[in-house]
Amino acid sequence: MNQHRVKLRSPLQQLYRTYLQNRMPMRHGVAAVLLASLLLVPHAVRAMQTPGGSVAGTVLDTSGAAVAGASVQLVDSIGHVQETTVSDAKGQFAFANVPEHTYQLTVQAQGFANAEQPVQVRAAASVTAVVTLSISSIVQTVDVEANASNMVETDASAHTDIDSALIDRMPVPQSSTGLSTLITLASPGVAADSNGMFHPMGEHSDTTYSIDGQPVSDQQSKTFSNQMGTSAIASVEVLDGVIPPEYGDKASLVAKTTTKSGLDSHGVHGSLTGSYGSFGSPSVGLTLSAGSDSVGNFLAVDGMRSGRFLDSPEFRPLHDRGNSEDVFDRIDWHPDEKDSLQLNLSAARSWFQQPNQMDQPQQDQRQQNRSFNVSPMWTRTLNDATVLNMNAYVRQDRVGYFPSANPFADTPATLQQSRRLTNAGIKADLNYVRGIHAFKAGANFYHTFLSEQFQTGLTAPGYNSPCVDSNGVPVADSSLTATSQCSSAGYAVNSGYLPGLAAFDLTRGGALFQFRGRTDIKQEAAYLEDTIAWRQWSILLGGRADNYNGLSSRSMLQPRLGVTYDNRPTATVLRIGYSKLFPTPYNENLILSSSTGAGGLAASGGAYGQHALKPGKRNQFNAGLEQGVGKWLVLSADYFWKYTQRDFDFDVIFNTPLTFPIQWAKSKIDGFDARLTFPQHHGLEGYVVLGHTRARFFGPEVGGILFNSPLSTGAFRIDHDQAFEQTTHVQYQPKKSAPWAALTWRFDSGEVAGAVPDYQTALGFTPDQQAQIELYCGSQVATISNPIRSCSSPQQGARLVRIPAPGTENDDKNPARIAGRNLLDASLGWDNVARRLVPGDRVKMNVSVSATNLTDKVALYNFLSTFSGTHYVPPRSLTASVALNF
């Protein structure tokens, strides 16, 4: 017992030191939740169980005698072994921390025929299985493979499963956003964006991460926060259909993440990983797992550095170094059969430079993110059918953005920010499973504390000049301070001039815009749901009530319904569903965005208290099917239609990580997504995911900073609108002792690039901007030293942006788009490669080599986007990795 107390004390001390270093002014609400979290611990000594379910059982022979030493495996629907154990002297076995899913239980014992039976883990309850083995004279082996009939699932909500086998072998860039990259590449209907961001079902990062039951709906890309490392993740279930009532806020996508546990480790196990990649990118990782049947501890520590930390506005990065470090610790305790305690602790830090453009040679802007999370969880099994879960949590992100020492080295503006987001809450739910019903009732109270400080000022006289020359290029003359001076100086009036910014133009006598603000947001939610399995039907029926009270207030009831019909003879499942959702404003920089009014800072001149962003209302409809095709393919397809009153996005300043939430009057989004899965068969497996989205947004707009480019006030396609994206992934390993290989092909047809409505507009871009899109006129391609200011050749356009033909651009029907791109990633590896030198399985060495953007494709994610800025897809990157498992 004392040993485990020592393990608990160390990470708590680390978090306490982080707290002191950060000097966090904790408000009374946060302190109260922390106190409640600590008070839960002694009560949890009497009662608890992990958020995941459990599977336990007994292996018997035909006479009823216990079979000891039987190998028991829990296999997921695509043939991956998730857990392995051995029956004890009484024939008993158990698996803890099992995510909700349908599994195949396979049992093998010498002298007996192999046995299989399906088990379904539902609502954190315990599943008991009795497996009877018949005597066999034939020696058998367990062939872990799936087939289409086993893989077709009847859940009301379409979902994608990401397990440890895919996490370990998917060729992904060496990055601190591995989780979001996996979701982008493995889930249908998700458009990729820069710096770990993605757009699910036509929305901007509208995602809730449920980490062992703890809801996290704030932004998790590397420019906002520090994401959980993949070394701590056991599995992820991504929901993209009907959203169960348990989830609210940002819920276009829900990523149910289960962390690794030290329970049942029976000794000390772990791994030490080191890798080195392109752009001077070393990384190290350590995991330790120790425990018994009742006590467990899992620790993961990761650190990395890169010369290309953020996605850059130039293909070859300039001023782009960064590093990140994170630690995660999970502690489990099961004092008896009914009770258990779980405590998740994490702390992380990242520091990185803001990448420069070619025309920003002296700029030295930097950012630092610091995060921590404390989440104790308490669960009690009241009886075989009823489980009570409780979860308290405190999570914080602190972001500091620092300007260059010389403000005028920052172009076109100097920027500085310090913000803090603290989210504290308590969540409880009661799960009851009986017969055809799986009932859940719960409540969630959460309190978010926001603090913001921001300042900026224009430093480039040509950025917001009142005049343009004969070529339409803004005149970089600081003596021109008003449009009335243009004609007398021989220039024309700049139609894009923003008079609201004149007060903050440091080159024309203006002063820094400065802002400070604090607020808090209280949210309460209650939900009821019942999953009914009746004959061939599965019905999800329930609802959710939310109350939001912050800078604005709103309450809403949200019914949810999902129905599936399972026609087992044809391996067909039909789905239909409806979700009413309550999207809430993004919390990051919410105070300033709610203070600038319609048109943002550029229009209001910095007036405060203009228009608070308000929660929206969404009606979402889903219809789809899941179909077994032959023996080895499963097709899942879903059509979605969403109508949202008050929808949200972000407004970015130039190419910086500084973003501010904005709100549009409404949006209409529809599309389809599909997944074709090939389960493991003779060592080969793979999948194809694809999606199509039409994301139509409607003005007017409020909030944000908004001085990157003009915005439409009518219907337009927002930048996450993409006609088509697909990912094909295959991996092959002929046998367990052989090397393995994986290949991923990603195609994106290109998101909207509204800043280039026509070729004439592109002629007025800066030389660097023309070079970024590879603007051409005949055989001439624009460079920084040789821009294109006029073009008479019929051969005109841009290689990296599809510019509409003259007179055909339409913000809604035919907007400009980023050029389509095909990207190939590959990885090769060999597990336990040194087994002949080090006999046995006590120490294993795994080696791997991966390549992302194998063909070194030059492509853009976005260009001059008001919502994202300009970012290139990363160039080819090679990474070699060695892992020692013990």
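That block above? That's the structure.
Residues numbered from 1 in each chain as written. Predicted model: local features only at pLDDT ≥ 70, side-chain atom pairs only at ≥ 80, totals over all residues. Heavy atoms only, no water.

Overall, mixed pairing links the five strands, which are arranged 8-13-14-11-12 in an open sheet. Pairing within the sheet leaves two strands with one partner each, and these edge strands are strand 8 (159-163) and strand 12 (214-216). Each strand of the sheet is rotated relative to its neighbour by a mean of 20°, with strand direction disregarded. Of the strand pairs in this sheet, strand 11 (residues 207-211) and strand 12 are connected by three bridges, and their pairing is antiparallel. Along strand 12, the bridge assignment pairs Ser-210 with Pro-215. Across the sheet, helix 5 (residues 178-186) is in contact with strand 8, strand 11, strand 13 (233-239) and strand 14 (253-259); its angle to strand 8 comes to roughly 130°. (Pairing = 2+ DSSP bridges. Helix = DSSP H or I, 4+ residues; strand = E, 2+ residues; numbered from the N terminus. Axes fitted to C-alpha atoms, helices over the stretch in contact; angles between N-to-C directions. Contact = heavy atoms within 4.5 Å.)

Moving on to the packing of aromatic side chains. What the rule picks out here adds up to 17 aromatic pairs. Centroid distance Phe-309 to Phe-352: 5.3 Å. Interplanar angle 15°. Geometry classified as stacked. Here the residue Phe-309 occupies a position in the loop between strand 17 (295-306) and strand 18 (322-333), and Phe-352 occupies one in strand 19 (residues 339-353), the gap between them amounting to 43 residues. The pair Phe-309 / Phe-352 is uniform in exposure class, with both members buried. On the numbers, 4.8 Å between centres and 55° between planes, the contact of Trp-537 with Tyr-565 is tilted. Here Trp-537, found in strand 27 (residues 537-549), pairs with Tyr-565, found in strand 28 (residues 553-567); they are 28 residues apart in sequence, far enough to count as distant. Three or more aromatic residues link up through ring pairs in this structure, and these residues are Phe-224, Tyr-586, Phe-648 and Phe-650. The ring of Phe-309 carries the charged tip of Lys-222 above its face, separated from the ring centre by 5.0 Å. A cation sits over an aromatic face here: Arg-675 above Tyr-687, 4.4 Å from the ring centre. (Phe/Tyr/Trp six-rings, centres within 6.5 Å; stacked < 30°, edge-to-face > 60°. Buried < 20%, exposed > 50% of the residue type's maximum accessible area, 1.4 Å probe, protein only. Lys NZ or Arg CZ within 6 Å of the ring centre and 35° of its normal.)

Here the focus is the pairing of strand 42 (residues 821-830). In terms of strand pairing, strand 36 (residues 740-748) meets strand 42 through nine bridges, oriented antiparallel. In the sheet register, Ala-741 faces strand 42, and the bridge partner there is Leu-828. Bridge count between strand 42 and strand 43 (residues 844-852): five bridges; the pairing is antiparallel. Along strand 43, the bridge assignment pairs Ala-826 with Ala-851.

On to a nonpolar patch on the surface, then. On the surface, Val-268, Leu-272, Leu-286, Leu-288, Val-301, Val-843, Leu-884 and Phe-886 cluster together into a nonpolar patch covering about 580 Å² of accessible area. Breaking the nonpolar patch down by element, the ones donating at least two residues are strand 15 (267-277) and strand 16 (281-291). If you trace the backbone, Leu-884 turns up in strand 46 (residues 877-885). (Patch = residues over 30% accessible without salt bridge, like charges linked within 9 Å, V, L, I, M, F, W, Y side chains within 5 Å. Areas by Shrake-Rupley, 256 points an atom, 1.4 Å probe, with all protein chains shown as cover. Salt bridge = Lys/Arg side-chain N within 4 Å of Asp/Glu carboxyl O.)

Counted according to the given criterion, the structure contains two disulfides. At a sulfur-sulfur separation of 2.0 Å, the disulfide partner of Cys-467 is Cys-486. Residues Cys-467 and Cys-486 share a disulfide whose torsion about the S-S bond is about -90°; that sign makes it left-handed. Note that Cys-467 is positioned in strand 24 (residues 467-468) and Cys-486 in the loop between strand 24 and strand 25 (492-493), a separation of 19 residues in sequence. Disulfide pairing places Cys-777 opposite Cys-791 at an S-S distance of 2.0 Å. The disulfide joining Cys-777 to Cys-791 has a torsion of about 90° about its S-S bond and is therefore right-handed. In this pair, Cys-777 is assigned in strand 37 (residues 775-777) and Cys-791 in the loop between strand 38 (780-781) and strand 39 (796-798), connecting sequence segments 14 residues apart. The exposure class assigned to Cys-777 is buried, which follows from its relative accessible area of 13%. (Disulfide = S-S within 2.5 Å.)

What follows is about empty space enclosed by the protein. This model, assessed by the stated rule, comprises 15 cavities of 30 Å³ or more. Estimated volume of the largest cavity: approximately 600 Å³. Lining the largest cavity we find 37 residues, and of these Pro-173, Thr-181, Asp-311, Tyr-861 and Pro-874 sit closest to its centre. Counting residues per element, the ones that place at least two in the lining of the largest cavity are helix 5, strand 17, strand 36 and strand 42. Take the lining of the largest cavity: its biggest share by element is four residues, from helix 5. Taken together, the residues of the lining of the largest cavity sort by class into 13 nonpolar, 16 polar and eight charged. (1 Å grid on protein atoms, 1.4 Å probe; cavity = no way out; pocket = protein on both sides within 12 Å on 5 of 7 lines; lining within 4 Å. Points joined across faces, edges and corners; volume = space filled by probe spheres on them. Nonpolar A, V, L, I, M, F, W, Y, C, P; charged D, E, K, R; others polar.)

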